Amino acid sequence: MSTANQNVNRPPTAVLLTNMGGPATLDDVHNFLHNLFSDRDLMQLPFQNYLSKFIAYRRTPKIKEQYAAIGGGSPILHWTRKQGQAMEKILDKIRPETAPHKHYIAFRYVEPYTSTALEQMKADGVERAVVFTQYPQYSCSTTGSSLNELYRGVSEMGMDKNVRWSIIDRWPTHPGFIEATAKKIEAKMAEYTPEERETALIMFSAHSLPMSVVNRGDPYPAEVAATVDHVMKRLDNKYPHRLCWQSQVGPMPWLGPQTVDAIRGLAAKGQKNVVVVPIAFTSDHIETLFELDHEYGKEAKELGISGWKRVDALNDDETFTQAMADIVKEHLDKNEVTSNQWPLRCPDCESDVCEETREFFTDNKS
Ligand code: GF9
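Everything numeric here is computed off the predicted structure, so don't read it as measured data. (Residues numbered from 1 in each chain as written. Predicted model: local features only at pLDDT ≥ 70, side-chain atom pairs only at ≥ 80, totals over all residues. Heavy atoms only, no water.)

Describing empty space enclosed by the protein
The criterion, for reference: Every definition here rests on a 1 Å grid over the protein atoms only: cavities are sets of points where a 1.4 Å probe fits but cannot get out, pockets are open sets enclosed by protein on both sides within 12 Å along at least five of seven lines, and lining residues have some atom within 4 Å of a point. Grid points are joined across faces, edges and corners, and a volume is the space filled by probe spheres set on the points. Helical segments are the DSSP runs of H or I of at least four residues, strand segments are the runs of E of at least two, and each set is numbered from the N terminus.
Considering all chains together, one arrives at 2 cavities of 30 Å³ or more under this definition. Size it by volume and the largest cavity reaches roughly 100 Å³. Around the largest cavity, the lining comprises 14 residues; the ones closest to its centre are Thr181, Pro278, Phe281, Asp312 and Leu314. When residues of the lining of the largest cavity are traced back to their parent elements, those giving at least two are α7 (175-189) and β7 (273-278). As a volume, the second largest cavity reaches approximately 30 Å³. Residue lining of the second largest cavity: Thr18, Asn19, Ala106, Phe107, Arg108, Thr114, Ser146 and Leu150, and that is the complete set. For the lining of the second largest cavity, the secondary-structure elements that each account for two or more residues are β1 (13-19), β2 (101-107) and α6 (140-156).

A short note on the sheet that holds strand β4 (residues 164-168)
The condition is simple: The pairing criterion for strands is at least two bridges between them, as found by DSSP. A fitted line through C-alpha atoms serves as each axis, taken over the contacting stretch for helices, and the angle formed by two N-to-C directions is quoted from 0 to 180°. Any two residues having at least one pair of non-hydrogen atoms within 4.5 Å are treated as being in contact.
Taken together, 4 strands build an open sheet; the order of strands is β2-β1-β3-β4 and the sheet is parallel. Edge positions in the sheet fall to β2 and β4, since each has one partner strand and no second. In this sheet, adjacent strand axes meet at a mean angle of 25 degrees when their direction is disregarded. Bridge count for β1 against strand β3 (residues 128-133) is 5 bridges, and the pairing is parallel. By the bridge assignment, Ala14 is partnered in β3 with Ala129. Running at roughly 155 degrees to β2, helix α4 (residues 76-94) makes contact with β1, β2 and β3 of the sheet. Across the sheet, helix α5 (residues 114-123) touches β1, β2, β3 and β4, and the angle it forms with β2 is around 155 degrees.

A few points about the sheet that holds strand β5 (residues 201-207)
The sheet built from 4 strands is open, its strands ordered β6-β5-β7-β8 with parallel pairing. Looking at the sheet topology across the chains shown, the edges are occupied by β6 (241-246) and β8 (307-310). Neighbouring strand axes in the sheet, compared pairwise and without regard to direction, differ in orientation by 25 degrees on average. Both β7 and β8 contribute to a ladder of 4 bridges, which runs parallel. Note that in β8 the partner of Val274 across the bridge is Trp308. Set on the sheet, α7 makes contact with β5, β7 and β8; between it and β7 the angle comes to about 155 degrees. Across the sheet, helix α10 (residues 220-234) lies against β5 and β6, angled at about 145 degrees from β6, the strand it touches most.

Description of the nonpolar core
The line we're drawing: Grouping buried Ala, Val, Leu, Ile, Met, Phe, Trp, Tyr and Cys residues that are joined through side-chain atoms within 4.5 Å yields what is termed a nonpolar core. Relative accessibility thresholds used throughout: buried, under 20% of the residue-type maximum; exposed, over 50%; partly exposed, between the two (1.4 Å probe, protein chains only).
By size, the foremost hydrophobic cluster in this structure holds 45 residues, and its most contacted members are Met87, Phe132, Ile185, Ile202 and Phe204. Setting aside anything within four residues of it in sequence, one finds Ile202 in contact with Ile185, Met189, Met232, Leu235, Tyr239, Pro240, His241, Arg242, Val275 and Val277. Formed by 27 residues, the second largest nonpolar core is a distinct cluster that contains Leu118, Val154, Ile167 and Phe360.

Brief notes about the site of the ligand
Rule in force here: One heavy atom within 4 Å of a molecule or strand is enough for the residue carrying it to be called near that molecule or strand. Counted as a polar contact is a pair of N or O atoms within 3.5 Å, where, for protein atoms, one must be capable of donating a hydrogen and the other of accepting one, and residues adjacent in sequence contribute only when both atoms are in side chains. Using a 1.4 Å probe, the Shrake-Rupley method yields the accessible areas, and only the shown protein chains count as cover for residues. Side-chain classes follow a simple rule in which Ala, Val, Leu, Ile, Met, Phe, Trp, Tyr, Cys and Pro form the nonpolar group, Asp, Glu, Lys and Arg form the charged group, and the remainder, Gly included, forms the polar group.
Leu42, Ser141, His207, Tyr220 and Ala280 are the nearest of the 14 residues found near the ligand. In this structure, Leu42 approaches the ligand through a main-chain N or O atom, which is 3.3 Å from an oxygen atom. Between the ligand and Ser141 there is a distance of 3.2 Å, counted from a nitrogen atom to a side-chain nitrogen or oxygen. Across the complex, the protein chains shield 86% of the 520 Å² of accessible surface that the ligand would expose by itself. The class makeup of the residues in the shell around the ligand is 10 nonpolar, 4 polar and no charged.

Details of the pattern of salt bridges
Operational definition: Definition used for salt bridges: Asp or Glu carboxyl oxygen within 4 Å of a side-chain nitrogen of Lys or Arg.
The tally for this structure, following the rule as stated, stands at 24 salt bridges. The residue Asp41 makes a salt bridge to Arg152 at a minimum N-O spacing of 3.1 Å. Of this pair, Asp41 sits in the loop between α2 (29-38) and α3 (48-69) while Arg152 sits in helix α6; the two residues are 111 residues apart in sequence, bridging distant segments of the chain. On the basis of relative accessibility, which here comes to 14%, the residue Asp41 falls in the buried class. One salt bridge in this structure joins Asp284 and Arg310, with 3.8 Å as the shortest N-O distance. Here the residue Asp284 occupies a position in the loop between β7 and α12 (286-302), and Arg310 occupies one in strand β8, the gap between them amounting to 26 residues. Assigned by exposure class, Asp284 and Arg310 land together as buried. Look at the salt bridges and you will find they share partners, linking Asp39, Asp41, Arg108, Glu149 and Arg152 into a network.

These figures capture arrangement, not role.
So this is what it looks like as structure tokens:
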């Protein structure tokens, strides 16, 4: 095969999967939290070097208990590797021009850190890299933070000159992602009797944001709503639905309605059958496995929501890994550098890094 032969000595086309990451073991919880509260792209605290240590130290016991309850650690690395391996196999088939494709993983708060991924790419002699955020919807607190960290790492390691970079910065309505999500919902609905299904409603639940971030102009709430709208269209709007926001912490105002309040309100109105859909994360994580299953699931059942069900995360779902490969192929086919949304900073953004990161990933013409 001539195509295969031509590609033997070529360095791989890198597909860099970025996400926040989670503590793989209970011993990793403190470091994970310390890194999270040290992230100045996520939050600015007074005396952050000291306060981040203090907050992490104070919160570690409770978070450790939660991870203990879901099997002793976060499965995100396990699932991301599976997704990456499946994706690269499909990509080699559907896009032989850029084969071989190799996935790398850059987590923001645990190993493999961005610097680790960049070292691996350097060792492999990578010359072309596609950054593929694993958050479907863009938020400055998630994808924004990962890309700022990547920009810093690329500059420090001198990988700005000899690597051609492009980014897939969001994919909230990609048809493959919508299809995979809709299928997971249908599979859950099939567990009801026809009578139960008739009165079921869908509650989409996404991680909330502080209102200060929303009001700065963060695009995440609108992009999550766009995902929800596309999924509901795909389901022919067969069920009533609501979008709710979970996991808020601390005293400041967050985007609502809160998932837990919606559960209480619906229970009070006599709702029995509720299918909750985690919509902003593609693999199992503490917010679904602990918060939705253990905490809210328990409360919902106690309040009379006897038909409480949680839709499975996409994990290694084949429709989804095919969608991942399609997203990268379409990006490469279009010779895209960024989405059209990427260069526009939040109307109220005052971060210098956000400006530099945007310049870097925009000027770097493919
Ligand atoms: C988020 C997804 C996951 C300070 C709290 C003390 C801030 C924050 C988040 C979470 C969005 C989508 C996570 C802050 C400031 N955020 N948590 N943002 N965002 N805590 O901006 Cl999938």
